Amino acid sequence: NAGVTQTPKFQVLKTGQSMTLQCAQDMNHEYMSWYRQDPGMGLRLIHYSVGAGITDQGEVPNGYNVSRSTTEDFPLRLLSAAPSQTSVYFCASSYLSLQLPNSPLHFGNGTRLTVT
Amino acid sequence: AQKITQTQPGMFVQEKEAVTLDCTYDTSDPSYGLFWYKQPSSGEMIFLIYQGSYDQQNATEGRYSLNFQKARKSANLVISASQLGDSAMYFCAMREGQQGGSEKLVFGKGTKLTVNP
């Protein structure tokens, strides 16, 4: 009964380093998304996907890449980390609203990223 | 313009009393869904309640109910009989264009609720 699994839980990077945040779900959800949470800002959408091979940008996509090669996995790549990317990152998934309009987002437990 | 506005950064309530957390939204789409989430200090996001724009009745889930006023574009969360464990951040969110629309869920900035003993 895993739900949405995010790894790692914590990460410290130096400016300019790259890394990939992993996200996997076992609920057969077509919709997957990445958010960042900063104090006083709520959750802001970075990228999202409505199915394998389909991705799109959210509110704050700059500095991040995604791909969706399978239904289960939706990794988030930081290309060249900057201190402004210090944040808590959440992966979330759901059924498409066309399938189930009241389908809520199921969230992973988050990744706390610090860029120095 | 903000799609979701939560005007109360912080709220305080006495244990066992009811509390209302405000949420207003902005959309021109007739089909949308509104969600409320709770985030305790441990950090996980917990889904509480859903209201669809075409739902005839206000949603209820246990001690949570939604005061949905469509004409005013508000979807306030009411928590009855507050408990100490209700202390958390609460987020309102909207999905526009349901039934084949954008799928994106947009969040407000949240309200921090503190329940006092």
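The structure under discussion appears in the preceding block.
(A) Fine view of the overall build of chain B. Helix and strand content of chain B: 0 helices and 12 strands. The secondary structure elements of chain B, listed N-terminal to C-terminal, are β-β-β-β-β-β-β-β-β-β-β-β. Computed over the C-alpha atoms, the radius of gyration of chain B is 14 Å, within 12% of the 13 Å expected from 2.2 N^0.38 for a compact globule of 117 residues. Structurally, chain B occupies a C-alpha span of about 45 × 25 × 20 Å along its principal axes. Counting contacts in chain B only where the partners sit at least 6 residues apart, residues at least 24 apart contribute 56% of the total. Here chain B displays about 5500 Å² of accessible surface, and carbon together with sulfur accounts for 48% of that area. The averaged location of the 11 negative side-chain charges in chain B is 4 Å from the averaged location of its 11 positive side-chain charges.

(B) Representation of the interface of chain A and chain B. Contacts between chain A and chain B engage 23 residues on the former and 21 residues on the latter. Taken together, both faces of the contact between chain A and chain B bury some 1800 Å²; the carbon and sulfur share is 59%. Applying the counting criterion to the chain A and chain B interface returns 0 salt bridges. Those elements that provide at least two residues to the side of chain A that touches chain B are β4 (31-38), β5 (42-51) and β9 (87-94) of chain A. Looking at the side of chain A that touches chain B element by element, the count peaks at 5 residues for β5 of chain A. Classifying every residue of the side of chain A that touches chain B by side-chain character gives 15 nonpolar, 8 polar and no charged.

(C) Examining the sheet that holds strand β8 (residues 76-78) of chain A more closely. All names here are of chain A. Taken in spatial order, the 4 strands make up an open sheet running β1-β3-β8-β7, and their pairing is antiparallel. Of all the strands in the sheet, the pair left with one neighbour each is β1 (4-7) and β7 (64-66). Taken pair by pair, the neighbouring strands of this sheet meet at an average axis angle of 20 degrees, ignoring direction. Bridge count for β1 against strand β3 (residues 19-25) is 4 bridges, and the pairing is antiparallel. Considered in β3, the bridge of Thr-5 is made with Ala-24.

(D) Looking closely at the state of the cysteines. All names here are of chain A. Enumeration over the complete set of coordinates arrives at 2 disulfides over all chains. Disulfide pairing places Cys-23 opposite Cys-91 at an S-S distance of 1.9 Å. Its S-S torsion of approximately -70 degrees makes the covalent link between Cys-23 and Cys-91 left-handed. Here Cys-23, found in strand β3, pairs with Cys-91, found in strand β9; they are 68 residues apart in sequence, far enough to count as distant.

(E) Representation of the pairing of β4 of chain A within the structure. All names here are of chain A. A large share of β4 lies buried, amounting to 8 of its 8 residues. Residues Tyr-31, Ser-33, Tyr-35 and Gln-37 line one face of β4 and the alternating positions Met-32, Trp-34, Arg-36 and Asp-38 line the opposite face, and both faces are buried. Two elements, β4 and β9, share 7 bridges in a ladder whose sense is antiparallel. For Gln-37, the partnering residue across the bridge sits in β9 and is Val-88. Pairing of β4 with β5, which is carried by 7 bridges, proceeds in the antiparallel orientation.

(F) Expanded view of the packing of aromatic side chains. Using the criterion set out here, one finds 13 aromatic pairs over all chains in the structure. Centroid distance Phe-107 of chain A to Phe-107 of chain B: 6.1 Å. Interplanar angle 75 degrees. Geometry classified as edge-to-face. Of this pair, Phe-107 of chain A sits in strand β10 (residues 106-107) while Phe-107 of chain B sits in strand β11 (residues 105-107), which puts the two residues in different chains. An identical accessibility class is assigned to Phe-107 of chain A and Phe-107 of chain B; each is buried. The cationic tip of Arg-68 of chain A hangs over the ring face of Phe-74 of chain A; the distance from NZ or CZ to the ring centre is 6.0 Å.

(G) How the structure looks around the pattern of salt bridges. Enumeration over the complete set of coordinates arrives at 4 salt bridges over all chains. One salt bridge connects Asp-38 of chain A with Arg-44 of chain A, and the closest N-O pair in it is separated by 2.8 Å. Ionic pairing is found between Lys-3 of chain B and Glu-96 of chain B, a salt bridge with its closest N-O pair at 3.3 Å. With Lys-3 of chain B in the segment before β1 (4-5) and Glu-96 of chain B in strand β10 (residues 88-96), this residue pair connects regions lying 93 residues apart in the sequence. Owing to a relative accessible area of 33%, Lys-3 of chain B belongs among the partly exposed residues under this scheme.

(H) Geometry of the environment of Ser-28 of chain B. Within the secondary structure layout, Ser-28 of chain B lies in the loop between β4 (24-25) and β5 (32-39). Look at Ser-28 of chain B and you get exposed, because its relative accessible area is 78%.

The rules we used
- Residues numbered from 1 in each chain as written.
- Chains lettered and ligands numbered in written order.
- Predicted model: local features only at pLDDT ≥ 70, side-chain atom pairs only at ≥ 80, totals over all residues.
- Heavy atoms only, no water.
- Helix = DSSP H or I, 4+ residues; strand = E, 2+ residues; numbered from the N terminus.
- Rg over C-alpha atoms; globule rule 2.2 N^0.38 Å.
- Contact = heavy atoms within 4.5 Å.
- Areas by Shrake-Rupley, 256 points an atom, 1.4 Å probe, with all protein chains shown as cover.
- Lys, Arg positive; Asp, Glu negative; His and termini not counted.
- Charge placed at Lys NZ, Arg CZ, Asp CG, Glu CD.
- Buried area = accessible area lost by both parts, 1.4 Å probe.
- Salt bridge = Lys/Arg side-chain N within 4 Å of Asp/Glu carboxyl O.
- Nonpolar A, V, L, I, M, F, W, Y, C, P; charged D, E, K, R; others polar.
- Pairing = 2+ DSSP bridges.
- Axes fitted to C-alpha atoms, helices over the stretch in contact; angles between N-to-C directions.
- Disulfide = S-S within 2.5 Å.
- Buried < 20%, exposed > 50% of the residue type's maximum accessible area, 1.4 Å probe, protein only.
- Phe/Tyr/Trp six-rings, centres within 6.5 Å; stacked < 30°, edge-to-face > 60°.
- Lys NZ or Arg CZ within 6 Å of the ring centre and 35° of its normal.

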